[in-house]
Each structure stands twice: as C-alpha cells, then as structure tokens.
Amino acid sequence: MESHTYTNELINETSPYLLQHAHNPVDWRGWNAATLQKAKDEQKLMVISIGYAACHWCHVMERESFEDSLVAATMNEHFISVKVDREERPDVDQIYINAVQLMTGSAGWPLNVITLPDGRPVWGGTYFKKEAWIDALTKIQEVYEREPEKLEEYAAKLEEGIKSMDLITLNTEAIDFSTYDTESLLENWGTTFDHRFGGYKRAPKFMMPNNYSYLLRHAVQHQDTTLLNYVTLTLDQIAFGGVYDHIGGGFARYSVDEKWHVPHFEKMLYDNAQLVSLYSNAYLVTKNPLYKEVVTETLTFIEREMTQDSSGAFYSSLDADSKTETGELEEGAYYIYTKEELQEVLGEDFELFSDYYNVNSFGKWENGHYVLIKDKHDADFVAEHNIEAEAFQKKKNTWQEQLLAYRNKRDRPRLDDKTLTSWNGLMLKGYVDAYKAFQNESYLDTALKNAHFIADSQLQESGALWHSHKDGASTINGYLEDYAAVVEAYISLYEVTMDMQWLQKSKKMTDYVFEHFFDKDKQMFYFTSKEDAALMTRTIEYRDNVIPASNSIMANNLFQLSHYYDEPTYATTAQQMLKNVEAEMAQYPSGFSNWMQLLANYQTKYYEVVVVGPEASEKIKEINKTYIPNALLAGSTEKSDAYLLEGRYVAGETLIYVCVNNTCKLPVRDPKNAIESIKITK
C-alpha cells in the first residue's frame, strides 16, 4: 500500500476531486456543518477552493501551491481551508462564482475565495501562481488582524451585490406569445454568427448545444434555409474539428481556437449527452451520414468509458491531463501524435490518413504534435482520391482500431467515477433521442437500464432525489437541476415505451418540486430545496448556459405535463415563468435559447399525438423517424383511463389521434397520414 507523508480530512470523502487533494500538506476539510462551525468557533478566515476532477488549471495550482509545504504552512496557521467539488455542490459554487464575478469581472475554475468566518466572501479569483497566492493570503490576514471592520464592511456590500445578481421579479404584463416577434431577436443574435467555421465569432468556442437545438427548430419551422445552413455548418465543423475525438469518439469541453481544432481536452458527460440529442435531431432533418457517425461513435465511447456496467449509471468526466513518458501530467498527452508516431502505426496508409486528418500545417498544434482535424466530407474526399466509399470506410475503421490500441498503451486520463443525477438525466435523454432517430434497440436498452438505476438508487419514496452516487451510496440532497433533467428524460422515455411508470414518476417529482422549491411570489423555482441548510442566498437559476437553466428545463416539463395530465397549474406556471424572463431574453437570446423552445410552443399549433392499439409501438417508431418539435406522444397497447388515452381504445384496431388542445381530427391508421396532418412549419 502506498504511504503518504500527509493525509487530511478529505480522505473521508467520496468525490474523486476531493480525494485527489487528500494527501496535500494543506489541512483541507470538506464543506460541512462541522467545518463551518469550526471557522466560527476559532474566528478564522476561510479559504474556499472550488474545482472539479477534470479541470486542468485546478491540477496546475495543486501542483504549484497546494502540494508546497510553505504554502501549506501559511494556510494551516491562519485559515480554515475548505475544498469543494463544484459538481457535487453547485449551490455553493454558484454563490462564490457570483462573488468573484462581481469582484473581478470574470470567474472560472479553480475558484479560490477568502471569506470571513461566517462564509461571506471578501476576496477571490481563479488560478494564482504560488508567490501571488502566498502574498494574497498574507495581506488579507494582516487586514483581518489590524482592521477587521474593513473586511466586514466590504463583505456586507458584496453580500448585497450577490443577492441582487439573480433577482427576478413577477412580470404581470399581458404578453401574447403567439405573435411574439422572434425575427428581430434572431437578427440581433445573427450578428455574432461565424459563417466560416460555425459557432460564434470568438475564441474559445463552446458548443452550446441548446443554442443550436433551438436554431435548428426555428429554421425548420420557419423554413429559413439560411439559418439551417448556418446550423448544419456549425455541426459539420464541430464534427470535423479536433474538439471531436476522431479515434475514440466523444467530444471535449471546448475549443481554444476559432476553427474547433485544439480542444480543452477534458470530456464531460453533460456535453456528450446534449450533443448526442442535437446530432440525432439534426440527422432527422438532414439525413446527413456524418451526424449518424458522430452519434454512433460517441455512444460507443460512453458505453466503453463512461458507463458502470452493473448498474447502468453514467460517470461524470475524463480528465484533460494524463501522464507523459516522463511521468509529468500534461494536458492532452493521451490524444495527440507526432508525425513519426503516425507513420510507424499506419505504415503505407500514412499518406492517405495525413491528407484526410490534416497532418500538415492546418492540423499542427505545438511541439511537433498534431491534433486530428478534417476539412471535408467523406463523399468529397473519396471522389477526390478516386476510392470506393465502402473501401474507404473500412480503412477508417482500421485506422481507428490501430490508433486506439496505440494510445491505450499510454497513461489514460483519470476518470471521475461519481454519478450525478442531473447529468445522468441528460445522458438518458441523449440515448432516447438517438433511439428515436436511429431505431437501435441497444440504445433503448441502455436508456431503460439507466432509468431504472435512477428510480432504484436516486429516487426516494417521497419523490425526492439524491444528487450524487458513488461506491453504492447515494448522497447530497437533490438540486432543481436533478429534478428538471430526470423529469425531462422520463417524459421522453415514456414517449418511446408507453410505460406509464415514467410519466407517473415525472409527475411525482414535479409535485415534490412545487412543494419544496417553488417561490409562490416570483412564480419561479429555487435551485435548492427548503430542506437544505441555508446559504448566504437562495439562488434562482434561470439563464441558459452550456447546460440549460434548471428553471427553463422545468418550465418546458410543466408545459408537457399540463397536456398529459390536464393540470392547469402546470400550464399557467410555465407561461408565467416565460413571462418573467421575457425582458432579458429579448436582449440576450443566446442565454435563453431553451426558454425560446418553450416560446416556440406558443407560436405554432402544439399537437398531442395519441396512438392506441396492439401495434402502437411500431406506429410510434414510424412517427419518431420524422422531426416534429411541436408535438408530444402518448400511447398504449391496451385500454387505459389516462387523460389523453381514455375512451380511445377500439378492440383489434390501432388508431392514431392527432389533437390540438383536446380537439382531435378523425383517427387514422397510417403513421404517414398522421404526420401529414401535423403542421410543423409556421
């Protein structure tokens, strides 16, 4: 067994990120009641350091500062030092990232904050070099000893600022969303589009799947070919870029450059989940084989590296860093190649490979290394090289096998093997969306296995969820993001299985959320439950980011559930929530694209497609082959008294009812006829 010079209290945690710091000389503690009480009892300032397992600069700061005995001596003498995994405690992270945003104008991870003994922040930033970190600690401790009232005064002002950051008020104006002008809003948004490489005219470039999911829908429903071309250009360029792992499948978190070439190499479950959904839907619209390939390879990667075999739970992330031959941790070391390595592995195929993946000035990164990047579709490449498409596909498969075997001899990136309920909900929905598009039964099997894991391990009898799961134990009271993502995933699972348990569980969780998270005055949901210990402020998360806001997902869920259950409270709450964000949405549409999905539901007819009879499964599969963003599906193979199904069963027949607001057309038998009767375009 490995012996360590130092061991601190983090040794008792389960988070891989916290365990990475368990042998630092810094006397780290976890975020818990005992730690917070100790700071108050001893009247010591706290250092609150927040990061996550896959974070490159978190590892750099650990190496330079937190493993250093001089830094540790300063921290241990004067401070109570608290390490937080932002993925485990997004509520804590939200407060302190807002604080650093206010103090410095920008924020990210690692996030390092110094607070008063009661947890109110007085200073903070992100990554610091060792000398700057020691200097900051020393100066703030001096102020605390000599002029504590200065820090107290600053903390009070900052607290006010933090509390006002996510203030949302009840909008009592009458707004007719059916005539809402999205065109001028999109015109303004469109000024930021990069029409060469896709995405936005800036670097770094994040994928922002919920942005393109909405833009895809708008383009289809408004028959806007210019917008559709921009969306498909973006999806093509992301799939061509080094941000997509051409050898092992799956996406890195973002690209540091404008052409999606050099990724920030960490792979997060939530990015891959949402991108699987996006590429699956884009395939339904375009039938582009590239999108099918991306989904297939990404789900192969998820199955191979991010799934717990026995339970079907999904892991959180793979680190950006891995060890080189010299034993040093280096970002991207597992994924990059020199020309010599590629020549050795690929032999006589190297020339063709290097042309396809740009082992040239276009694909060169640094220190003689290449990040693989494509710049043309396969159909164009094979035509240019006069190769049979099938023969080329075989070559590609061989290259992938050879290079995957080669790089697997290297030190592999570290896996964060905790399971987060919210991210599992996103990945579960990704599998359902892929199943809808490609009808691959193994995708549905995986989705069901994960759905049962959540139901059996994370969902309690009361309707409450746990947030995290590791080593057989479920921990941390669920946040709004957990309920929102799982409800959304379970609704989509019901749509393909017709198994009422998923819809019933969605309703039970939704009712629990109303009881424990809802602010009746603002008509929005808090991020934390009323059962949770109070923090400095109880935030309402409503701006969409790399993951849609928990409130926007919840509002969309309520809209759907109001149709399934004829529940007026759900319908009026969803509409009121949208009204509450309307003013900010109009100014900053890219931060509200998932809200705009809800808005789009009011701008065209919204359909309830109900399939009842012994062949309901087959007919639903047929319907799912068409992109229909303005409809929900309900179905049963037998008689049912569920709201949308009651009185619709006819023995020996399978009938499809297409309805709008409980008014139905005559039932039809052929899915094609049903699809033709649905008006997708505005």
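Shown above is the structure to which this text applies.
Residues numbered from 1 in each chain as written. Predicted model: local features only at pLDDT ≥ 70, side-chain atom pairs only at ≥ 80, totals over all residues. Heavy atoms only, no water.

What follows deals with the overall build of the protein chain. Per the secondary structure count, the protein chain includes 25 helices and 24 strands. Over its C-alpha atoms the protein chain spans a radius of gyration of 26 Å, differing by no more than 12% from the 26 Å that the globule rule assigns to 682 residues. In terms of overall dimensions, the protein chain has C-alpha extents of about 80 × 70 × 50 Å along its principal axes. Taking as baseline every contact in the protein chain between residues at least 6 positions apart, the subset at least 24 positions apart corresponds to 69%. Of the roughly 27400 Å² of accessible surface on the protein chain, a fraction of 48% belongs to carbon and sulfur atoms. (Helix = DSSP H or I, 4+ residues; strand = E, 2+ residues; numbered from the N terminus. Rg over C-alpha atoms; globule rule 2.2 N^0.38 Å. Contact = heavy atoms within 4.5 Å. Areas by Shrake-Rupley, 256 points an atom, 1.4 Å probe, with all protein chains shown as cover.)

Counted under the stated rule, the structure contains two disulfides. Between the sulfur of Cys55 and that of Cys58 lies a disulfide, 2.2 Å long from S to S. Residues Cys55 and Cys58 are joined by a disulfide whose S-S torsion is about 85°; by sign, that bridge is right-handed. Residue classification places Cys55 among the buried residues on the basis of a relative accessible area of 2%. Between Cys659 and Cys664 runs a disulfide, and the two sulfur atoms are separated by 2.1 Å. The sign of the S-S torsion, about 100°, decides the handedness of the disulfide formed by Cys659 and Cys664: right-handed. Bonded cysteines in the protein chain are paired 1-2, 3-4 when counted in the order they occur along the chain. (Disulfide = S-S within 2.5 Å. Buried < 20%, exposed > 50% of the residue type's maximum accessible area, 1.4 Å probe, protein only.)

A few words now on the sheet that holds strand β8 (residues 263-264). Reading across from one edge, β6-β7-β8 is the order of the three strands in this open sheet, with antiparallel pairing throughout. With partners counted over all chains shown, the strands left at the sheet margins are β6 (205-206) and β8, one partner each. Sheet topology places β6 next to strand β7 (residues 254-255); two bridges connect them, and they run antiparallel. When the sheet's bridge partners are listed, Lys205 is paired in β7 with Ser255. (Pairing = 2+ DSSP bridges.)

Moving on: the layout of surface pockets. A volume near 510 Å³ is recorded for the second largest pocket. Surrounding the second largest pocket, 22 residues form its lining, Trp31, Leu36, Ala533, Ala534 and Leu535 being those nearest its centre. (1 Å grid on protein atoms, 1.4 Å probe; cavity = no way out; pocket = protein on both sides within 12 Å on 5 of 7 lines; lining within 4 Å. Points joined across faces, edges and corners; volume = space filled by probe spheres on them.)

Our focus in this paragraph is the pattern of salt bridges. Scanning all chains against the criterion turns up 44 salt bridges. For Asp27, the salt bridge identified is with Arg29, shortest N-O distance 3.4 Å. Take Arg29: its relative accessible area is 12%, and that puts it in the buried class. In this structure, Arg304 and Glu305 form a salt bridge, with 2.9 Å as the shortest nitrogen-oxygen distance. (Salt bridge = Lys/Arg side-chain N within 4 Å of Asp/Glu carboxyl O.)

Right, let's talk about the nonpolar core for a bit. By size, the foremost hydrophobic cluster in this structure holds 181 residues, and its most contacted members are Leu215, Tyr279, Phe525 and Trp595. Among the elements that take part in this core, helix α19 (residues 480-497) stands out by supplying twelve residues, more than any other. (Core = buried A, V, L, I, M, F, W, Y, C linked by side-chain atoms within 4.5 Å.)

All right, on to the packing of helix α10 (residues 225-240) against helix α12 (residues 289-305) then. At a closest axis distance of 11 Å, the pairing of α10 and α12 adopts a crossing angle of 50°. Looking at the two axes, α10 sits oblique to α12. Viewed along their axes, α10 and α12 form a crossing whose handedness is left-handed. In this structure, α10 contributes Thr232, Leu235, Asp236, Ala239 and Phe240 to the contact, and α12 contributes Leu290, Tyr291 and Val294. When grouped by side-chain class, the residues that make up the contact of α10 with α12 number six nonpolar, one polar and one charged. (Axes fitted to C-alpha atoms, helices over the stretch in contact; angles between N-to-C directions. Parallel < 35°, antiparallel > 145°, perpendicular 65-115°, else oblique. Left-handed = near helix turned anticlockwise from the far one by under 90°. Nonpolar A, V, L, I, M, F, W, Y, C, P; charged D, E, K, R; others polar.)

Attention shifts here to the packing of aromatic side chains. The description of an aromatic ring pair uses the distance of the two centres, along with the angle that the planes make with each other. A full pass over the atoms with the stated rule returns 48 aromatic pairs. A ring pair is formed by Phe193 and Tyr200, whose centres lie 6.1 Å apart and whose planes are at 40°; its orientation type is tilted. A residue is classified by how much of its surface remains accessible, and Phe193, at 6% relative accessible area, is buried. Judged by centre distance (5.8 Å) and plane angle (80°), the rings of Phe392 and Trp399 are edge-to-face. What makes Phe392 buried here is its relative accessible area of 1%. On the basis of relative accessibility, which here comes to 1%, the residue Trp399 falls in the buried class. (Phe/Tyr/Trp six-rings, centres within 6.5 Å; stacked < 30°, edge-to-face > 60°.)

This part covers a positive patch on the surface. Residues Lys605, Lys665, Lys679 and Lys682 make up a contiguous surface patch of positive charge. Topologically, Lys605 is positioned in the loop between α23 (593-603) and β21 (607-612). (Patch = residues over 30% accessible without salt bridge, like charges linked within 9 Å, V, L, I, M, F, W, Y side chains within 5 Å. Lys, Arg positive; Asp, Glu negative; His and termini not counted. Charge placed at Lys NZ, Arg CZ, Asp CG, Glu CD.)

Closest axis-to-axis distance for the helix α4 (residues 69-78)/helix α6 (residues 130-146) pair is 10 Å, and the angle between their directions is 20°. Here α4 lies roughly parallel to α6, going by the angle between them. In terms of crossing hand, the pair formed by α4 and α6 is left-handed. For the pair α4 and α6, contact is made by Leu70, Val71, Thr74, Met75 and His78 and by Lys130, Trp133, Ile134, Leu137, Thr138, Gln141 and Glu145, respectively.

Here we take up the pairing of strand β17 (residues 466-470). Within β17, four of the five residues are buried, which leaves the element mostly enclosed by the surrounding structure. As paired elements, strand β16 (residues 419-420) and β17 share two bridges and run antiparallel to each other. Residue pairing in the sheet places Thr419 in a bridge with His469 of β17. Sheet analysis places β17 next to strand β18 (residues 473-477), joined by four bridges and oriented antiparallel. Along β18, the bridge assignment pairs Trp466 with Asn477. Linking β17 to β18, which pair antiparallel, is a turn of two residues; within it Asp471 sits at a positive phi near 50°.

Here the focus is the pairing of strand β5 (residues 121-125). Among the five residues of β5, four are classified as buried, and the element is accordingly described as predominantly covered. Turn length for the strand β4 (residues 111-115)-β5 hairpin, with the two strands adjacent in sequence and antiparallel, is five residues, and the turn residue Gly119 shows positive phi of about 95°.

Another point: the sheet that holds β21. Spatial strand order, β22-β21-β23-β24: four strands in an open sheet with mixed pairing. Because the sheet does not close on itself, it has two edges, and the strands there are β22 (631-636) and β24 (663-664).

Residue pairs spaced three or four apart in an α-helix point in one direction, given the helix's 3.6 residues per turn. Listing the buried residues of helix α15 (residues 378-385) in full gives Asp378, Phe381 and Val382. End-on, the buried residues of α15 take up no more than an arc of 95°, which puts them together on one face. Those residues of α15 that are exposed and angled more than 90 degrees off the buried face are Ala379, Ala383 and Glu384. Lining the buried residues of α15 we find α12, α14 (350-356) and α16 (389-407). Asn386 lies just past α15 and shows a positive phi near 55°. (Arc of directions from axis to C-beta.)

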